[in-house]
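Structural overview for review
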Amino acid sequence: MKTTDVLIIGTGLAGTYVALNLPSNMEITMLCHHSTNSTLAQGGIAISLDQKDSFEAHIEDTLTAGRHTNNLEAVKTLIESAPDQIHTLKELGVEFDQDAQQNIHATLEGGHSYPRVIHAGGDQTGQSVMSLLDQKIQSAKNIRILSGASLLELVVDDQQAIGIVYEKNGIIQVLYAKHIVMATGGLGDLYEHTTNQEGSTGEAIAIAAFAGVKCQDMRYIQFHPTAYKNKDKGYFLITEAIRGVGAYLLDAHKKRFMEPLHPLKELAPRDIVSKAIYDVIESTQEPFVYLDTRHIQTAYLKERFPNIYKTLEKDNLILGVDLIPVTPVAHYTIGGICTDLMGRTNLNNLYACGEVASTGVHGANRLASNSLLECLVFGKNVAEHIVSNHEHTSLPSYSMNPPNHWKYTKTTASQNYLIHKAYIQEIMTKHVGIVRYDNQLKLAKSKLIRLLHQLKKVRFEHVDHAKSYNLVSISLMVVEDALAHESLGCHYKEKKSEKKGLKSC
Ligand code: SIN
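Conventions used here
Residues numbered from 1 in each chain as written. Predicted model: local features only at pLDDT ≥ 70, side-chain atom pairs only at ≥ 80, totals over all residues. Heavy atoms only, no water. Helix = DSSP H or I, 4+ residues; strand = E, 2+ residues; numbered from the N terminus. Rg over C-alpha atoms; globule rule 2.2 N^0.38 Å. Contact = heavy atoms within 4.5 Å. Areas by Shrake-Rupley, 256 points an atom, 1.4 Å probe, with all protein chains shown as cover. Lys, Arg positive; Asp, Glu negative; His and termini not counted. Charge placed at Lys NZ, Arg CZ, Asp CG, Glu CD. Axes fitted to C-alpha atoms, helices over the stretch in contact; angles between N-to-C directions. Parallel < 35°, antiparallel > 145°, perpendicular 65-115°, else oblique. Nonpolar A, V, L, I, M, F, W, Y, C, P; charged D, E, K, R; others polar. Near = heavy atom within 4 Å. Polar contact = N/O pair within 3.5 Å; in protein donor to acceptor, adjacent residues only side chain to side chain. Buried < 20%, exposed > 50% of the residue type's maximum accessible area, 1.4 Å probe, protein only. Phe/Tyr/Trp six-rings, centres within 6.5 Å; stacked < 30°, edge-to-face > 60°. Pairing = 2+ DSSP bridges. Disulfide = S-S within 2.5 Å. pLDDT = per-residue confidence, 0-100. Salt bridge = Lys/Arg side-chain N within 4 Å of Asp/Glu carboxyl O.

Scanning the protein from N- to C-terminus turns up 14 helices and 20 strands. Relative to a compact globule of 505 residues, whose C-alpha radius of gyration would be 23 Å, the protein shows 22 Å and is just as compact. Each principal axis of the C-alpha atoms in the protein carries an extent, and together these give about 70 × 55 × 40 Å. Relative to all contacts within the protein whose residues are 6 or more apart in sequence, the contacts with residues 24 or more apart total 73%. For the protein, the accessible surface area stands at approximately 20400 Å², while carbon and sulfur atoms represent 49% of it. The centroid of the 50 positive side-chain charges in the protein is displaced by 6 Å from the centroid of its 54 negative side-chain charges.

Okay, here's the thing in structure tokens:
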């Protein structure tokens with residue numbers, strides 16, 4: 001029987017930060033399923049450092065972006081704990097970019113009333129932070145990485161999470177742990193177009209829900225306004241920070257369109273900019289709008305945004321010279337597993353932090369660059385709670401019997417999962433996007449329920465089926481939540497029921 005003190009599911013910033021904040025005498029296992037989105041984060045980390053800025057202003061901006069539906073205590077915790085976490089990152093060796101006076105340089109992003117987004121490596125904040133923290137994880141003797149493993153089930157005994165069932169190399173296995181931390185990120189890859197890594201399908205949320213864990217706000221999927229379609233790959237994020245240094249958005253007639261829509265123009269909160277782009281695309285029938293940096297010097301843009309510059313250059317687009325075609329794509333999951341401010345869920349010894357968790361900190365729409373901060377602040381809190389509880393936690397050895405409903409035997413790899421995933425992505429993209437219609441949501445629901453029923457009978461017989469079942473379940477959670485609630489942020493629910501010209505898939 002395999003056991004560990006702390007099992008962390010996910011190796012992004014939230015999970016990594018929990019691991020690094022735990023003492024070295026604890027045995028930690030980190031389960032890794034897909035590449036983390038944290039490395040893709042460009043813009044940076046929001047923190048009010050300047051004398052002219054304040055916690056209050058950052059709190060107010062977060063609440064405004066979130067339509068004042070945020071959990072205020074969570075917002076205060078996030079923002080007031082930021083300096084300590086940035087201090088820790090610096091001590092660990094993260095080098096934030098500096099201005100000419102050698103102060104940490106902060107920039108503007110959408111919805112912020114003051115330039116307070118700090119960054120590293122220009123536009124490679126996530127990569128810079130994660131590569132350093134990864135090294136620390138690799139060299140820690142008490143941390144073991146279980147890679148290429150798929151989470152299948154939470155094992156629960158008497159309201160306590162005690163382990164997981166997972167698949168690795170075609171073998172179903174069980175791992176028991178005194179503390180389990182969900183840090184698996186979001187579900188952008190349930191959409192055809194996303195900034196997320198492949199495999200970011202959010203099924204850990206469904207798996208938690210199957211075990212009776214409370215989840216909330218699943219309807220709030222945030223769309224990033226400016227993604228560029230790589231010629232040979234998927235969508236590539238173009239950070240809001242580029243609009244923060246003055247880039248404009250132009251329609252197909254090369255006219256700015258944000259000016260009459262919001263006082264912050266191109267730097268309005270993200271959902272407002274995404275909806276404006278959606279409307280322009282609908283009305284012009286061009287598949288994108290343009291990011292215009294032609295009034296900004298190429299040399300400056302190349303130095304400030306080296307990764308974006310390099311990526312666009314490969315497609316013969318030069319920042320400062322060419323217009324960049326951009327479009328909104330699925331980016332961030334605001335809802336998820338309900339937790340308190342220490343990351344605790346309603347199941348004992350099960351924690352969640354980072355994008356997979358829902359503390360209510362973002363309300364109905366996340367403020368730009370509050371997400372890496374969320375991983376740090378709530379990841380640290382989870383670690384603290386585990387430490388304070390460790391002595392009193394034990395595994396109930398009498399009930400550590402692996403679930404016996406898995407009938408799985410190893411067979412040749414099947415394509416079923418990929419077919420199901422593509423079908424789900426098509427449904428989510430067509431019916432559950434930025435603008436949602438009641439009848440389209442109902443159509444999505446009936447299609448997903450049909451697939452769910454097919455898979456229910458076979459879900460324990462093949463890992464592919466179990467994975468498909470989890471994907472349909474998480475998609476249904478999004479759709480049902482969207483049907484049941486009004487829209488306050490992130491997406492727009494149209495009153496009229498039909499969208500003209502929408503083909504059924
Ligand atoms: C960006 O840099 O525009 C994305 C950062 C975020 O999602 O907050």
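Picking up after the structure, the text goes on.
In this section: the packing of helix α12 (residues 416-431) against helix α14 (residues 463-484). Where α12 meets α14, the closest approach of the two axes is 9 Å, and the angle between their N-to-C directions is 10°. Here α14 runs roughly parallel to α12, going by the angle between their axes. Along its contact with α12, which presents Asn416, Tyr417, His420, Lys421, Ile424 and Met428, the element α14 presents Asp464, His465, Lys467, Ser468, Leu471, Val472, Ser475, Val478 and Val479. Of the residues contributing to the contact of α12 with α14, the split by class is seven nonpolar, five polar and three charged.

To continue, consider the site of the ligand. By nearness alone, every residue bordering the ligand is listed as Gly43, Glu109, His224, Thr239, Glu240, Arg270, His331, Arg366, Ala368 and Ser369. For the ligand, an oxygen atom lies 2.7 Å from a polar atom in the side chain of His331. The protein chains hide 96% of the 260 Å² of surface that the ligand would expose on its own. Here the residues of the shell around the ligand sort into one nonpolar, five polar and four charged.

Burial within helix α1 (residues 13-20) is extensive, with seven of its eight residues counted as buried. If you check which residues of α1 are buried, you get Leu13, Ala14, Gly15, Thr16, Tyr17, Val18 and Ala19.

This brings us to the packing of aromatic side chains. A full pass over the atoms with the stated rule returns four aromatic pairs. Centroid distance Tyr191 to Phe223: 5.7 Å. Interplanar angle 85°. Geometry classified as edge-to-face. In this pair, Tyr191 sits in the loop between β9 (171-182) and α6 (203-210) while Phe223 sits in strand β11 (residues 221-229), placing the two residues 32 residues apart along the sequence. By relative accessible area, which is 2% here, Tyr191 ends up buried. Judged by its relative accessible area of 7%, Phe223 is buried. Note on Phe288 and Tyr290: the rings are 5.6 Å apart at their centroids and 70° apart in plane angle, and the pair reads as edge-to-face.

Another aspect to go through is the sheet that holds β11. Within the open sheet, the five strands sit side by side as β12-β11-β15-β14-β13. Their pairing is antiparallel. In the strand order of this sheet, the two ends are held by β12 (235-237) and β13 (248-250), each with one partner. Each strand of the sheet is rotated relative to its neighbour by a mean of 55°, with strand direction disregarded. Two strands pair when backbone bridges link them, and β13 and strand β14 (residues 289-292) are joined in this way by three bridges, in the antiparallel orientation. When the sheet's bridge partners are listed, Tyr248 is paired in β14 with Asp292. The strands touched by helix α8 (residues 270-284) within the sheet are β11, β13, β14 and β15 (324-333), with β11 carrying the most contacts at an inclination of about 55°. Strand contacts of helix α10 (residues 306-314): β11, β12 and β15, with the helix running at about 150° to β12, the strand carrying the most contacts.

Going through the model one piece at a time under the given rule, you end up with zero disulfides. Note on Cys32: no disulfide assigned, nearest cysteine sulfur contributed by Cys375 at a separation of 15 Å. The exposure class assigned to Cys32 is buried, which follows from its relative accessible area of 17%. With no disulfide of its own, Cys490 has Cys338 as its nearest cysteine by sulfur position, at a separation of 16 Å.

This part covers the pairing of β15. A large share of β15 lies buried, amounting to ten of its ten residues. With five bridges connecting them, β11 and β15 associate as antiparallel partners. The partner of Gln222 across the bridge, within β15, is Tyr332. Bridge analysis of β14 against β15 gives three bridges, and the strand direction is antiparallel. Across the sheet, Leu291 pairs through a bridge with Ile324, a residue of β15.

Relative to the assigned elements, Ser468 resides in helix α14. Relative accessible area serves as the criterion here: at 0%, Ser468 is assigned to the buried category. The residues contacting Ser468, other than those within four sequence positions of it, are Asn416, Tyr417, His420, Ile424 and Leu455.

On to the side chain of Asn470. Note that Asn470 resides in helix α14. Dropping the residues within four chain positions of it, Asn470 is found in contact with Leu151, Leu152, Glu203, Ala206, Ile207 and Phe210.

When pLDDT is averaged across the protein, the result is 93; 95% of the residues are at 70 or more. Ignoring residues within four places in sequence, the model shows residues 501-505, a span with pLDDT below 50, making twelve contacts including any to other chains.

This structure, assessed with the given rule, holds 18 salt bridges. Of the charged contacts, one joins Glu240 and Arg243 as a salt bridge, the two residues approaching to 3.9 Å between their closest N and O atoms. Accessibility classification places Glu240 together with Arg243 in one group, the buried group. The salt bridge partner of Arg256 is Glu266, with a shortest N-O separation of 2.8 Å. Of the two residues, Arg256 is situated in the loop between β13 and α8 and Glu266 in the loop between β13 and α8; the sequence distance between them amounts to ten residues. Arg256 gets classed as partly exposed once you look at its relative accessible area, which sits at 27%. You can call Glu266 buried: its relative accessible area is 3%. Linked through salt bridges whose partners overlap, the residues forming this network are Asp53, Asp61 and Arg116.

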